[in-house]
Amino acid sequence: MNRALALLALALYAAAGLATDELEARSQAQRLLLMTSVLPSQAVLAELERFSDDRSIPLETREAALRQYVLSLRDEPPDAVNWQAAELLSRYRERALVSHSHSLQNAVPVHNVAAPARGTLNVWTRKLERSAGELALANQDYGYFSSLSANHMQVVAGAADALKHAPVQLLEPAIPHLIAAVTREPALAPIMLAAAANLSDPDLTAVALEFLEGADRFRTVLELDGIIGPDAARAWWLKSLDSGPDQAAAIAALGRMAADDPDVSEELFTLMGDADLGAAAALALGKSQAPGLVDRAAELLKSDQPMLAARGRLMLQSHGGRQALQILERQP
Amino acid sequence: MKRRTIVLGALLWCGAAASQSVIEWTEQPGILGLGFPVPEPVDTPLPFDGFRSYNGLLTRHQDFMLNHEFIAGEVVGNSEAGRDIWAYRYSDADSITVTGLPEPAIYTQGGIHAREWQSPEVLTGIMEHLVANAGDQWLHRYLLDNMNMVLLPVLNVDGYLQTQRYPRQVYLEGSAPRDGRMRRKNMLGVDEDINTSGDRLLGVDLNRNSPPFWATNSGASSSDPGSIVHHGSGPHSEPESLAMVAAARLGPEDRLRMYTDVHSFSQVHFSVNTNNTRRNVIQRNLLGDFSSFHAQLEGGKVYIDRPSDARQGQAIGSTDEFFAVTYAVPSWTLEIEPSGTLSPDAHPSLPGCGADYGGFASNCHDGFILPESEIRRVRENLGQTFPIAYYGQAGPPSVTAVRWIDDATGAVVADAEWDVQSATQRSLFFNQVQPLQLDRSYTLWLAFDKPMRWRNDNGQIAPLPGQATRTTEVTADLLLEDVTQSPEDSSGQWLANAGGAPDGYYRYRDDAYSASFNLAGSPLAAAITGETQVTLNLSAQDMVGQLLDGDPATPADWGIVGNWVGYEDTNGVETDLGGSDDTLTFAVTSAALDDPFVITPGVSAVWFDPTHDGEGFVIEVLDNQRAVVYWFTYDKAGNQRWMIGIGQVRGNEVVFPELLESSGGIFGDAFDPAQVQFSNAGNASFVWSDCGAFRMRHNVDVRNQRQAALRLTDSTGSGCEFDTDRFSLLPFTGSWYDLEHDGEGFVISAAGPDRVVVYWFTYDDAGNQAWIVGDGSFDNGQVNIEQAFIASGGVFGDAFDPDTVSLEPWGQLQFSLGCNSGSVNYQSVLPQYGSGSQNLTRLTNLAGLDCTTD
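Residues numbered from 1 in each chain as written. Chains lettered and ligands numbered in written order. Predicted model: local features only at pLDDT ≥ 70, side-chain atom pairs only at ≥ 80, totals over all residues. Heavy atoms only, no water.

**What to know about the overall build of chain A**
Here's step 1: Along the backbone of chain A there are 21 helices and two strands.
Here's step 2: For a compact globule of 332 residues, the expected C-alpha radius of gyration is about 20 Å, and chain A comes in at 28 Å, more than 25% above that figure.
Here's step 3: For chain A, the residues scored as buried account for 54% of the 332 residues in total.
Here's step 4: If you take every contact in chain A between residues at least 6 apart in sequence, the share linking residues at least 24 apart comes to 61%.
Here's step 5: Accessible area of chain A: about 14500 Å², with a carbon and sulfur share of 53%.
Here's step 6: Of the side-chain charges in chain A, 29 are positive and 41 negative, and the distance between the mean point of each set is 8 Å. (Helix = DSSP H or I, 4+ residues; strand = E, 2+ residues; numbered from the N terminus. Rg over C-alpha atoms; globule rule 2.2 N^0.38 Å. Buried < 20%, exposed > 50% of the residue type's maximum accessible area, 1.4 Å probe, protein only. Contact = heavy atoms within 4.5 Å. Areas by Shrake-Rupley, 256 points an atom, 1.4 Å probe, with all protein chains shown as cover. Lys, Arg positive; Asp, Glu negative; His and termini not counted. Charge placed at Lys NZ, Arg CZ, Asp CG, Glu CD.)

In structure tokens form, the structure reads like this:
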């Protein structure tokens, strides 16, 4: 390690040794919050700059105050003053540092300011978008949805919040426009899903699923029984086993039914020799504790097809019951 | 001017937290508001946009292990609660490379800190990437064949299960979320119920539990059992730590070349520098290759190297220090994304923590909770990237073989190859059939010991993503003092198809390169009179920019002190940089010589190496540039063994991509063709220098071995063609078998104008391979072998000693042959063989012979 780094490390230790004055920090945060509520933006920004460099208050306490301030700010309305204040602090470079617990030659802030400030902007983005969505629904301004951008996680989430909690009579007329918006931009599919959840509308859920991808799709398929009912979900899951993006979710979901539904159990058994899906089916069946499962798994162990025998073993491992484990112990 | 009434209650944010000991992560704003759905583990082994449960991951690992022969799993220890801790070896079954060197090893570990769910997913992503690409006959197959990749996906099994038991709940200690979803340590002294107080903070930080710096730094590890960095009661006091050590032994430990402990978050490499500067530089370059490649992938995520020193005062008792110091290998902690809030800032363009994805960053601990929408990309990108680092540490590149092929005849005129003799020594096999001639054109074929090039989506050679264009340059020049002869412009090409010289790769796609030389009128031609030795100067970099080993005679390896050994530069000096290879010289002549020898049908004969008297080869040249070899030899224990190959004739060479050996046959009436199985024992190539001699290379016992053979039988006249006038029996020669005995058979070869030698490739009564040989008379289709023999005592390969071979009388055989059918009767003096007969059908027709007397 060079000398400069060693000195930095020592300085960091010294900084870490400075305790935060929590009371003072809270008091300063409160003062800044009050100031923000009454002063124009230029003055607020100037005061934040001044406070950041106010050496009469220990640096660590100052940054604790700024952190508390920016976290509290997110409960305030995202007006221009607040927004500019948070934006200013999202560019703040913390100076009260402590050695990183894993790499002592690296430092981390004692109190993060910039990241929560960015988070505050994200909170507001979501709130603003929710408000905009609610307003659009109330005003029947459905163009709002077709102009929605999918580039920011919280924009989509905020619009979805609006739809999820909207009065049904406002929501229903918006549905064709939502479909049009999602057709234009499939990444907006979560807003249609939110509307479908609000309306408990299986058909709309099905439409949403045509567009949904990734984590949203997986979760939706996995929890489909709660949205479209157990029977319709069961049919969907069974249909999804053949191909497509929902196989993993469908197998996991069907596994929950396998103990009480012999047909489902049988369907999962037919997947056992599938190179890609067999292990998933084995896990789902094993955990289901379906009747007769252990005996069938034991039969699979004797298969002259190595893959089937392997899946039998996985099924017994997943089952984990006494008989299953005894069978495994007897295996070479 | 009052804009509004402010809710000062918001400032109770922190105070409110303190009053609730167990609280939840939420999607909506709040003390632990994420801004995205709270991930919950799903019981599936399949990769998806989310996190798998421990059972799901374990099932995935076990399914791979049970269904792929290149994966072996082992329980390397048990957790505090007695749960199995699994490590997996991704490698072929042997522990040696395809050229015969001891395999290097890497160890990559995940799941040491329970809450860092990204880590086991990434380890599983590495496995998934290796499995999906195992058949690529390129980078990944190369790694599986030549490296032992030890992967341990979840070390802290108990802790991991605790976090998955409470995917939302945490115990809030001040403002720090602990236990439940935020458990970091193992479960020593902890029950599994988050609601029981008194034990929530307990456990040992497994990344503070390692020697040699265990408990040496009170700022970074603690003796307080409640501390987040509690170091435990002693170095490697925890069963999980002992499992880690046991996993390293799977390398085995003295073959390790790299260690990575996969954590989250901060999007950096926390690498460990030791007092070995050479090791540190290699590590820095390795991490540079890792990061450069990763940055080019879908997410464009950049990992920054932030090294620290493994020395008292700075070290913390972590596992990366343990591996860096104990095994002297590149060793680092990979902190997966999101970025953190390091100072100096490693990622100035990113806000850090969950805010990297648009999250709320309410508490930067949310960096431990990657959004479900991100994990697939993270898993797949890092799954792709780790093999690049493995490739680098597999070793610097080395030239393994060079061939000059005469373009007009396709004959190999010079053949050089570095054969492994031991872990520290290669010997040069060199066979120049004739000097290179100035009035001919040649193809130079070079083979390396690893895949050397990346191809883009269009199949064109391109730098490995993140590497400089210069890494694709190749120099292959002939040097004579100050005269340089380069290949024809634009003739150089990397070889993407199988087949070997001159048009195919050697073992892996793009491990071979060819270029054209036309020496006529060249500066070199003007400088040569008579026969002169000319140096071949070779320079190339592998995909990560490592230069060639300047002296292939000493294989590059990782030295015990922590740098490359046997890795020479251009001047033969051992460094970590490599250089160009000018170890090979070839004879060039200004004389105009005859064409080099090319294979003719008369090559069909019995051949043997005088130093291997007691084993040998029957070669049959067939039509359509095909040839068959029967190799009658022995196994390691001195029992009889035979192999068959079907090869391609190219100029003066026959290449046998597979040598097949059989099992399951039983001699005599008990023979059942359905029980005979053929398996691939290796490969071989034979290069003839003239009609009476060849040099053969085989790779049956992993490393190359060779024989130089001469004729045992000869039925040729002039020009190496069959002398059918003198050897009237020739049309009856070839391979014969009984249709009901498919899996054994006879080879009849001319040994004189009215003499034949017969080989019967069969089995004994116990199902072992056997071969019986005898020579006898031939008269108008009637062959009489009055005394056949059976041999024993030879030992396969270089250990063969002719003096240990003994021949035992076997009995008699009588053949009655037409052109296409015949019969054989036999009477053995050995009771286990007895007497019998077979009806024969011709299996092979030798090229150049025509039988019309049936």
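**Section: the pattern of salt bridges**
Here's step 1: Counted according to the given criterion, the structure contains 54 salt bridges over all chains.
Here's step 2: Across the salt bridge formed by Lys 287 of chain A and Asp 43 of chain B, the nearest N and O atoms sit 3.4 Å from each other. Of this pair, Lys 287 of chain A sits in helix 18 (residues 278-288) while Asp 43 of chain B sits in the loop between strand 1 (22-24) and helix 2 (54-67), each in a different chain.
Here's step 3: The exposure class of Lys 287 of chain A is partly exposed, given its relative accessible area of 35%.
Here's step 4: The exposure class assigned to Asp 43 of chain B is partly exposed, which follows from its relative accessible area of 30%.
Here's step 5: The residue Glu 128 of chain B makes a salt bridge to Arg 60 of chain B at a minimum N-O spacing of 2.8 Å. With Glu 128 of chain B in helix 3 (residues 118-132) and Arg 60 of chain B in helix 2, the pair connects residues that are 68 residues apart, well separated along the chain.
Here's step 6: The class of Glu 128 of chain B is buried, set by a relative accessible area of 11%. (Salt bridge = Lys/Arg side-chain N within 4 Å of Asp/Glu carboxyl O.)

**Quick look at the domain arrangement of chain B**
Reports of interface size often rely on the accessible area that becomes lost once the parts have come together.
Residues and elements named next belong to chain B.
Here's step 1: Looking at chain B, the domain boundaries give domain 1 (65-393), domain 2 (399-589) and domain 3 (601-842).
Here's step 2: Using only C-alpha atoms to locate each centre, domain 1 and domain 2 end up separated by 39 Å.
Here's step 3: Opposite the 31 residues of domain 1 that make contact, domain 2 presents 34 residues.
Here's step 4: Summed over both partners, the interface of domain 1 with domain 2 comes to about 2700 Å²; 59% of that surface belongs to carbon and sulfur atoms.
Here's step 5: When residues of domain 1 are sorted by the area they lose upon contact with domain 2, Trp 138, Arg 278 and Tyr 391 head the list and together hold 27% of the total.
Here's step 6: At the junction of domain 1 and domain 2, the tally comes to three salt bridges.
Here's step 7: Where domain 1 packs against domain 2, one counts 17 residue pairs in polar contact (both at pLDDT 80 or more).
Here's step 8: Elements with a contribution of two residues or more to the side of domain 1 that touches domain 2: helix 4 (139-146), strand 8 (256-266), helix 7 (277-295) and helix 9 (372-393).
Here's step 9: At six residues, the largest contribution of residues to the side of domain 1 that touches domain 2 is made by helix 7. (Domains from an automatic or database assignment. Buried area = accessible area lost by both parts, 1.4 Å probe. Polar contact = N/O pair within 3.5 Å; in protein donor to acceptor, adjacent residues only side chain to side chain.)

**What about the side chain of Arg 219 of chain A?**
Here's step 1: For Arg 219 of chain A, the location among the structural elements is in helix 13 (residues 214-222).
Here's step 2: Taking the relative accessible area as the measure of exposure, Arg 219 of chain A reaches 16% and is therefore buried.

**Some details on the environment of Tyr 303 of chain B**
Residue and element names in this part refer to chain B.
Here's step 1: Secondary-structure assignment places Tyr 303 in the loop between helix 7 and strand 10 (304-305).
Here's step 2: Given the relative accessible area of 2%, Tyr 303 is considered buried.
Here's step 3: Residues Tyr 303 and Glu 80, 223 residues apart in the sequence, show an inter-C-alpha distance of 33 Å.
Here's step 4: Excluding its chain neighbours within four sequence positions, the residues that come into contact with Tyr 303 are Gln 267, Val 268, His 269, Ser 291, His 294, Leu 334, Glu 335, Ile 336, Glu 337 and Leu 382.

**Considering the state of the cysteines**
Residues and elements named next belong to chain B.
Here's step 1: Tallied over the full model, the rule gives three disulfides over all chains.
Here's step 2: Between Cys 819 and Cys 851 runs a disulfide, and the two sulfur atoms are separated by 1.7 Å. Across the disulfide from Cys 819 to Cys 851, rotation about the S-S bond amounts to roughly -85°, and the bridge is consequently left-handed. With Cys 819 in the loop between strand 41 (806-817) and strand 42 (821-828) and Cys 851 in the segment after strand 43 (835-842), this residue pair connects regions lying 32 residues apart in the sequence. Across the pair, exposure class does not vary: Cys 819 and Cys 851 are buried alike.
Here's step 3: Counting its disulfide-bonded cysteines in sequence order, chain B shows a connectivity of 1-2, 3-4, 5-6. (Disulfide = S-S within 2.5 Å.)

**Observations regarding the pairing of strand 14 (residues 412-422) of chain B**
The side chains of a regular strand alternate, first on one face of the sheet and then on the other.
All names here are of chain B.
Here's step 1: Buried residues dominate strand 14, accounting for nine of its eleven residues.
Here's step 2: Alignment of strand 13 (residues 399-406) against strand 14, held across five bridges, turns out to be antiparallel. Residue pairing across strands places Arg 403 opposite Asp 415, the latter belonging to strand 14.
Here's step 3: Once strand 13 ends, the chain turns through five residues before running back antiparallel as strand 14, passing Gly 410 with a positive phi of about 75°.
Here's step 4: The sheet contact formed by strand 14 and strand 15 (residues 425-432) spans eight bridges and is antiparallel. Paired with Ser 422 across the two strands is Gln 425, which belongs to strand 15.
Here's step 5: Count of turn residues in the strand 14/strand 15 antiparallel hairpin: two residues. (Pairing = 2+ DSSP bridges.)

**Regarding the domain arrangement of chain A**
Here's step 1: Entries for chain A in the domain assignment read domain 1 (3-112), domain 2 (129-212) and domain 3 (230-332).
Here's step 2: Here domain 2 of chain A and domain 3 of chain A have C-alpha centroids that lie 38 Å from each other.

**Some remarks on the interface of chain B and chain A**
Here's step 1: On the side of chain A, 71 residues touch chain B, which itself brings 68 residues to the contact.
Here's step 2: Each partner contributes to the roughly 5800 Å² buried at the junction of chain B and chain A, and carbon and sulfur atoms together form 56% of this total.
Here's step 3: Across the salt bridge formed by Asp 345 of chain B and Arg 93 of chain A, the nearest N and O atoms sit 3.1 Å from each other.
Here's step 4: For the pair chain B and chain A, the number of links is 24 residue pairs in polar contact (both at pLDDT 80 or more).
Here's step 5: When residues of the side of chain B that touches chain A are traced back to their parent elements, those giving at least two are helix 1 (13-19), helix 2, strand 11 (308-309) and helix 9 of chain B.
Here's step 6: Counting residues per element, the side of chain B that touches chain A draws most heavily on helix 2 of chain B, which supplies seven residues.
Here's step 7: Of the residues belonging to the side of chain B that touches chain A, the class tally is 28 nonpolar, 25 polar and 15 charged. (Nonpolar A, V, L, I, M, F, W, Y, C, P; charged D, E, K, R; others polar.)

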